Amino acid sequence: MNIRVEPYRCVIGDAAGTPDSSWYNFPSCERLSDGSFFITARKIRGLQDAKGGAVSVRYRAETGEITPAVSPACRDMAAYPEKGIYMCHVTELEPGHLVAVYPLIDCDPDLPLFDAQYDGIQPCRCRIVHSHDNGETWNAPQDLTYSLPDVIIPYKIQKLPQGTVGFPMEMHNHYQRPYIEPLQGRFLYSESGGENFERAALFPHAPGILAGDARCTVDGAGKLTVFFWAFDMENTRDLPVHRTTSTDGGRTFSPLEATSLRQQITSPFWVEGDTYLCIYQDRFSDTPGIKAALSQDGGLTWDEARAAPLFRCESRPDSANPFAAFEQFQFGYSSLTRIHDRCALATFWHTNGVTSCISACRIFIED
């Protein structure tokens, strides 16, 4: 099998930019039943801006057509103009019925989003919102039912073949405060068909490990595989990318195990059998960028030697601590969205130092 990558194109923002341009990051993407992609992103003044708002577009990859869309966070942005929006993830539960999850930030605009010394984030709470007209309008948002004394950072809601609706979450401490509970990754799931999320299944992992930026894929038998950027909080260093699996609809998970990738965010895509595609963020090699690779053993080992580049850059951060070096990052928050068994859409943000934008490209697997 070979990987073919189409050239990426900007779908939100201005790829060239001017000093007055808005910046954008943290994209998320969902393919709708009508074949279009609903893409969301943060609109910000710079990479550490805590105040950012949310924007959305509809994108058709086959024609390149881009049209504005109503942000799922529109009601909160109108009701709380002093607050910020973090990443916003949309999922289609049924044709026309969309659900979104996003953190609403009680922000101090004069402070950066992340604490540079620790991984603390400005205070925020998770919001759930539904649309029953394919995202043309959005209902009143509500707070996430499940709660923690620490901060819940959600990833994209998954609709699993077993009927479960749920999402992996990342746990963070509050800004300049210690963790109240021990670090523990979780999969939050719904007992109300996705109306809200009340229960949690734990990801078994070692103490002191931040299981972050989860990305999911489901195989033909219904097995859910979740990949994590794993960070050792005690020694402030990246660990190999880890994964876990669930065969019971997200109620229980296997212990996290390391893969051969030593990168940050990795987004998997089940192809067939034990064959998986992924895109991963290589920040620290001699050829940094976002790359696509194949695995033939369920995602444990990856053929990095034949990896195909999606995006290249020329410099590396001078620190491996992502909370201290965030403003040096030139790309990030990449993910894959299935189009069909041999094709996916990759979305990610990137910057040229003047502005940042959201780009997308199709990836094909060919014999």
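Notes on the structure in this doc start here.

### Considerations on the layout of surface pockets
In this structure, the largest pocket occupies an estimated 680 Å³ of space. Taken together, 28 residues make up the lining of the largest pocket; nearest its centre are Glu 30, Lys 156, Gln 158, Thr 337 and Arg 338. At the level of secondary structure, the elements contributing two or more residues to the lining of the largest pocket comprise strand S3 (23-31), strand S8 (89-94), strand S13 (158-159), strand S17 (209-218), strand S22 (266-272) and strand S26 (331-340). Residues belonging to the lining of the largest pocket are distributed by class as follows: 13 nonpolar, eight polar and seven charged.

### What about the packing of aromatic side chains?
Under the criterion given, the structure shown has 13 aromatic pairs. Ring centres 5.1 Å apart and planes at 70° place the aromatic pair Phe 167 and Phe 197 in the edge-to-face group. Here Phe 167 is found in strand S14 (residues 165-172), whereas its partner Phe 197 is found in the loop between strand S15 (186-189) and strand S16 (199-202), with 30 residues between them in sequence. Across the pair, Phe 197 and Phe 167 agree in class, each one buried. Arranged with centres 5.9 Å apart and planes meeting at 50°, the rings of Phe 311 and Phe 348 form a pair that is tilted. In this pair, Phe 311 sits in strand S25 (residues 308-312) while Phe 348 sits in strand S27 (residues 343-351), placing the two residues 37 residues apart along the sequence. Since its relative accessible area comes to 0%, Phe 348 is described here as buried. Three or more aromatic residues joined by ring pairs make a cluster, and in this case those are Tyr 8, Phe 311, Phe 331 and Phe 348.

### What about unusual backbone geometry?
Leave glycine aside and you will find that most residues have negative phi; peptide bonds, for their part, are mostly trans. In this structure, Asn 134 takes a positive phi of about 65° despite not being glycine. Relative accessible area serves as the criterion here: at 19%, Asn 134 is assigned to the buried category. A positive phi angle is found at Thr 236, which is not glycine, with a value near 45°. Positionally, Thr 236 belongs in the loop between strand S18 (224-232) and strand S19 (237-238). On the basis of relative accessible area, Thr 236 is assigned to the partly exposed category, the value being 39%.

### What about the nonpolar core?
Ranked by size, the top nonpolar core spans 35 residues in total, and within it Ile 39 and Tyr 86 carry the most contacts. Among all residues touching Ile 39, those that are not within four sequence positions of it are Val 11, Ile 12, Ser 28, Cys 29, Val 55, Ser 56, Val 57, Tyr 59, Thr 347 and Ile 358.

### Focus on the pattern of salt bridges
Under the criterion given, the structure shown has 21 salt bridges. The shortest N-O distance in the salt bridge between Arg 60 and Asp 34 comes to 4.0 Å. In this pair, Arg 60 is assigned in strand S5 (residues 53-60) and Asp 34 in the loop between S3 and strand S4 (37-44), connecting sequence segments 26 residues apart. For Asp 34, a relative accessible area of 39% puts it in the partly exposed group. Notably, a salt bridge pairs Arg 58 with Glu 136, separated by 3.5 Å at the nearest N-O pair. Pair noted here: Arg 58 is in strand S5 and Glu 136 is in the loop between strand S10 (124-131) and strand S11 (142-143), with a separation of 78 residues, a long-range link.

### Quick look at the state of the cysteines
Using the criterion set out here, one finds zero disulfides in the structure. In this structure Cys 29 is a free cysteine whose sulfur lies 11 Å from that of Cys 361, the closest cysteine sulfur available. Of all cysteine sulfurs, the one in Cys 343 lies closest to Cys 361, which takes part in no disulfide; the gap is 9.9 Å.

### Topic: the sheet that holds strand S24 (residues 289-295)
With antiparallel pairing, four strands are arranged side by side in an open sheet as S22-S23-S24-S25. What marks the edges here is a single partner per strand, and that holds for S22 and S25. Taken over all neighbouring pairs, the strand axes of this sheet differ in orientation by 20° on average, direction set aside. Sheet topology note: the strand S23 (residues 275-282)/S24 ladder contains seven bridges and is antiparallel. The residue of S24 that forms the bridge with Gln 281 is Ile 290.

### Some thoughts on the sheet that holds S4
Adjacent strands of a sheet pair through backbone hydrogen bonds, lying either parallel or antiparallel. Strand order in the open sheet made by the four strands is S3-S4-S5-S6, with antiparallel pairing throughout. Edge positions in the open sheet fall to S3 and strand S6 (65-69), since each of these has one partner strand only. Between one strand axis and the next, the sheet turns through 30° on average, direction left out of account. Here five bridges tie S5 to S6, and the two strands are oriented antiparallel to one another. What sits directly across from Arg 60, in S6, is Glu 65.

Criteria and thresholds
Residues numbered from 1 in each chain as written. Predicted model: local features only at pLDDT ≥ 70, side-chain atom pairs only at ≥ 80, totals over all residues. Heavy atoms only, no water. 1 Å grid on protein atoms, 1.4 Å probe; cavity = no way out; pocket = protein on both sides within 12 Å on 5 of 7 lines; lining within 4 Å. Points joined across faces, edges and corners; volume = space filled by probe spheres on them. Helix = DSSP H or I, 4+ residues; strand = E, 2+ residues; numbered from the N terminus. Nonpolar A, V, L, I, M, F, W, Y, C, P; charged D, E, K, R; others polar. Phe/Tyr/Trp six-rings, centres within 6.5 Å; stacked < 30°, edge-to-face > 60°. Buried < 20%, exposed > 50% of the residue type's maximum accessible area, 1.4 Å probe, protein only. Core = buried A, V, L, I, M, F, W, Y, C linked by side-chain atoms within 4.5 Å. Contact = heavy atoms within 4.5 Å. Salt bridge = Lys/Arg side-chain N within 4 Å of Asp/Glu carboxyl O. Disulfide = S-S within 2.5 Å. Pairing = 2+ DSSP bridges. Axes fitted to C-alpha atoms, helices over the stretch in contact; angles between N-to-C directions.

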